[in-house]
Amino acid sequence: MEFASIKGFKDILPGETETWQRLEAAARRVFRPYGFKEIKPPILERTELFSRGIGLDTDIVAKEMYSFPDSKGNGMTLRPEATASVVRAYIQHKLYKLDPVQKLYTIGPMFRHERPQKGRFRQFHQINAEILGDPGPKSDADLIVMVMGLLSTLGLKGLSLQLNSLGCPQCRVQFKKTLNRYLAQKTDALCSDCRRRAETNPLRVFDCKVEACKEVVSEAPSILEFLDEDCRHHFRSLQEYLEDYKVPFILNHRLVRGLDYYNRTTFEIQTERLGSQNAVTGGGRYDGLVKILGGPDQPAIGFAMGIERLVELMEEDQEQESETPDLFVAGLGAKSERKVFNWVNELRQSGIWVDMVYAPKGLKAQMKQADRSGAKKVLIIGDNELEAGKGVLRDMTTKEQKDVPLDNLLETLKKEIG
Ligand code: HAM
């Protein structure tokens, strides 16, 4: 039997992992001066955390979760997103007692049983950042400026920031009634799921991917017309911060996002380069979630970026140069091989990337391997060289060779390699 990875679950291979590391390192570097700290919640949680947090009517909870009972029959779920877990940890460890405003980020895998396609996987990875304990709008602007800063550090172009406000639950009462009336006139055009959603949770019709439903939604009433005074002011003020900091955005009143916990600010950063899976970042405010999950009444806002999608854009944008060893040391003969083993490891301990063969090989085979490895320089030391007290250092680009004394070899090599 031949094993292969499961559909929608992919190996991230060397060559690709370098771009992942660059992205993650950039995120950590950009988040730090904003005061974000890393949190690492587990990947497995009680199913109810997500069904309550994200909402029963959402595609994620209704269709996409990897859920199973544990040996005691408790419902377990591989997390489909990180926000509910971060909020659970904030409540469980009473992080709000240390300081009600907590800025937390987490990087890791998520699981959703969606139909795999370009830019969409069943195991995918996100960089999440959440600000808990502040009602905004300054924190909303801060978070958006931070994520835009990260994307610009990565040199990504052609991204658009789409912005909306979903108001508060009070604003939505009237909006839902109006939306409901509008959808009732269009029932025949809606898919069967949306006919049900039109009754139970009409905002979810905005997420539907069926063409006919998208058409119905394109003429639907706008939530922005229904914002009350406070929500209108909150949204206006966020826009002013963004305008002042020269962050361009597009107002999109159809941006409701696929999770039930959002209120007020929602946003998405989209690209035109990834086909239909065009969102590289999605986020928004979720002022009710901490309370819904059993914590104090603390507002919050956050976002998640899809690592696979960002990596794809980064790889399109630049020639990939994979890293290669600084030095290859070719030992020839039993005595020399033992010496080489020590030298190689001492150089490695000082941070220099050095390669060597494991099984004994002739010089020709070792030079071939050194060439394949991409090593910049090769040091050749046979038993004869050992005796003579000098090795031969070959520059693999210029092909020049010179003798190097074996006395003080480590210092000499450090200098040669820079
Ligand atoms: P989301 O929009 O479901 O939001 O996901 C955020 C990002 O994760 C998407 O914009 C996309 O880049 C990536 N993503 C989602 N699903 C997949 C998939 N199947 N394959 C590849 N990439 C994917 C959330 O998850 C919210 N928790 C974001 C948030 C944090 N809101 C507040 N705080």
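Here the residue numbers are simple positions, counted from 1 along each chain's written sequence. Residue-level local features of this predicted model are given only where pLDDT is at least 70; pairs of side-chain atoms are given and counted only at 80 or more, and the full residue set underlies all totals for whole chains, interfaces and linings. Excluded from the side-chain calculation are hydrogens and water; included are all heavy atoms of the structure.

Asker: Talk me through the nonpolar core; I want residue IDs and the actual numbers.
Answerer: In terms of nonpolar packing, the biggest core is built from 90 residues, with Phe31, Leu132, Leu143, Leu242 and Phe303 touching the most fellow members. Only runs of H or I of at least four residues qualify as helices and only runs of E of at least two qualify as strands under DSSP, and these elements are numbered from the N terminus. Counting residues per element, this core draws most heavily on helix α6 (residues 138–153), which supplies nine residues. Whether two residues are in contact is decided by their heavy atoms, any of which lying within 4.5 Å being enough. In contact with Phe303, not counting residues within four places along its chain, are Phe31, Ile127, Asn128, Ala129, Glu130, Leu143, Met146, Val147, Phe267, Thr281, Gly282 and Gly283. Among the buried residues, those of types Ala, Val, Leu, Ile, Met, Phe, Trp, Tyr and Cys that are joined through side-chain atoms within 4.5 Å form a nonpolar core. We call a residue buried when its accessible area falls under 20% of the maximum for its residue type, exposed when it is over 50%, and partly exposed in between, using a 1.4 Å probe and counting protein chains only.

Asker: With reference to specific residues and values, describe the packing of helix α1 (residues 17–31) against helix α12 (residues 307–317).
Answerer: Each axis is a line fitted through C-alpha atoms, and for a helix only the stretch in contact is used; angles between axes span 0 to 180 degrees, taken between their N-to-C directions. Running from amino to carboxyl end, α1 crosses α12 at an angle of 110°, the nearest separation of the two axes being 10 Å. The angle between α1 and α12 places the two elements in the roughly perpendicular class. Together, Thr19, Trp20, Arg22, Leu23 and Glu24 of α1 and Ile307, Glu308, Leu310, Val311, Met314 and Glu315 of α12 make up the contact between the two elements. Gly falls in the polar group here, along with every residue not listed as nonpolar (Ala, Val, Leu, Ile, Met, Phe, Trp, Tyr, Cys, Pro) or charged (Asp, Glu, Lys, Arg). Residues that form the contact of α1 with α12 fall into these classes: six nonpolar, one polar and four charged. The scheme is simple: roughly parallel for angles under 35 degrees, roughly antiparallel for over 145, roughly perpendicular for 65 to 115, oblique for anything else.

Asker: So what's going on with the packing of helix α13 (residues 334–349) against helix α16 (residues 409–417)? Residues and values would help.
Answerer: At a minimum axis distance of 11 Å, the contact between α13 and α16 shows a crossing angle of 50°. Relative to α16, α13 is oriented oblique. Of the two possible hands of crossing, α13 and α16 adopt the one that is right-handed. On the side of α13, the interface is formed by Trp343, Glu346 and Leu347, while α16 contributes Leu409, Leu410, Leu413 and Lys414. By the definition used in this description, the sense in which the near helix is turned from the far one sets the handedness, with an anticlockwise turn below a right angle giving left-handed and a clockwise turn giving right-handed.

Asker: I'd love a proper account of the sheet that holds strand β2 (residues 44–46), names of residues and values included.
Answerer: Pairing is antiparallel in the open sheet, where three strands are placed in the order β2-β4-β3. The open sheet has two edge strands with one neighbour each: β2 and β3 (66–69). With strand direction ignored, the average angle separating the axes of adjacent strands in the sheet is 35°. Where helix α2 (residues 47–54) meets the sheet, it contacts β2, β3 and β4 (75–78), and its direction lies at approximately 70° from that of β2. Think of it this way: DSSP has to see at least two bridges between two strands before they count as a pair.

Asker: Describe in detail the site of the ligand, supporting the description with residues and values.
Answerer: Definition of nearness: a residue and a molecule or strand are near each other if at least one heavy atom of the residue lies within 4 Å of the molecule or strand. Around the ligand, a shell composed of 27 residues is seen, among which Glu81, Glu114, Glu130, Tyr262 and Ala279 lie nearest. Under the rule applied, a polar contact is a pair of N or O atoms within 3.5 Å (in protein, one hydrogen donor and one hydrogen acceptor; residues adjacent in sequence only if both atoms are side-chain atoms). Residue Thr83 places a side-chain N or O atom 2.9 Å away from a nitrogen atom belonging to the ligand. In this description, accessible areas are obtained by the Shrake-Rupley approach with a 1.4 Å probe, and a residue is regarded as covered only by the protein chains that are shown. Against a free-state accessible area of 660 Å², the protein chains account for coverage of 96% of the ligand. At the level of secondary structure, the elements contributing two or more residues to the shell around the ligand comprise β6 (123–132), β10 (279–285) and β11 (300–306). Ranked by residues supplied to the shell around the ligand, first place goes to β10 with six residues. Grouping the constituent residues of the shell around the ligand by class yields ten nonpolar, ten polar and seven charged.

Asker: Before we move on, can you summarise the pairing of β4 with the specific residues and values?
Answerer: For β2 and β4, the ladder comprises three bridges, and the chain directions are antiparallel. Among the inter-strand pairings, Glu45 is bridged to a residue of β4, identified as Thr77. Counted between consecutive antiparallel strands, the loop separating β3 from β4 contains five residues, among which Gly73 sits at a positive phi close to 90°.

Asker: If you had to explain the packing of aromatic side chains to someone new, which residues and values would you point to?
Answerer: Any Phe, Tyr or Trp ring, taking Trp's six-membered ring, that has another such ring centre within 6.5 Å forms a pair; planes under 30 degrees apart are called stacked, those over 60 apart edge-to-face, and the others tilted. Applying the stated rule across the entire model yields nine aromatic pairs. Ring centres of Phe31 and Tyr105 lie 5.3 Å apart, and the angle between their planes is 65°; this geometry places the pair in the edge-to-face category. In this pair, Phe31 is assigned in helix α1 and Tyr105 in strand β5 (residues 102–111), connecting sequence segments 74 residues apart. Of the two residues, Phe31 and Tyr105, neither departs from the other in class, the shared state being buried. By the ring-pair criterion, three or more aromatic residues cluster together here, those being Phe31, Phe36, Tyr105 and Phe303.

Asker: Tell me about the side chain of Ser139, residues and numbers included.
Answerer: Summarising the element assignment, Ser139 is placed in helix α6. Sequence-distant contacts of Ser139, that is, excluding residues within four places in its chain, are made with Ile131, Asp134 and Arg285.

Asker: Describe a positive patch on the surface, naming the residues involved and giving the relevant values.
Answerer: Together, Lys361, Lys364, Lys368 and Arg372 make up a region of like positive charge exposed at the surface. Along the chain, the position of Lys368 falls in helix α14 (residues 363–373). Looking at Lys368, the relative accessible area reads 60%, which means it is exposed. Candidate patch residues must exceed 30% relative accessible area and have no salt bridge, after which like charges are joined if within 9 Å and Val, Leu, Ile, Met, Phe, Trp or Tyr side chains if within 5 Å. Counted as salt bridges are all cases of a side-chain nitrogen of Lys or Arg within 4 Å of a carboxyl oxygen of Asp or Glu. His is not counted here, nor are the chain ends, while Lys and Arg score as positive and Asp and Glu score as negative. Here the site of a charge means atom NZ of a Lys, CZ of an Arg, CG of an Asp or CD of a Glu.

Asker: Explain the sheet that holds strand β13 (residues 354–355) residue by residue, including any values.
Answerer: By way of backbone hydrogen bonds, the strands of a sheet pair with one another, either parallel or antiparallel. An order of β13-β12-β14-β15-β16 is seen for the five strands of this open sheet, with the pairing classed as mixed. Lying at the two open borders of the sheet, with one neighbouring strand each, are β13 and β16 (401–405). Taken together, the four bridges between strand β14 (residues 377–382) and strand β15 (residues 390–395) define a ladder with antiparallel strand orientation. When the bridges of β15 are listed, Lys377 appears paired with Asp395. Where α13 meets the sheet, its contacts fall on β12 (327–332), β13 and β14, and the angle it forms with β12 comes to roughly 165°. In the packing of α14 onto the sheet, contacts are made with β12, β13, β14 and β15, and the angle to β12 comes to roughly 170°.

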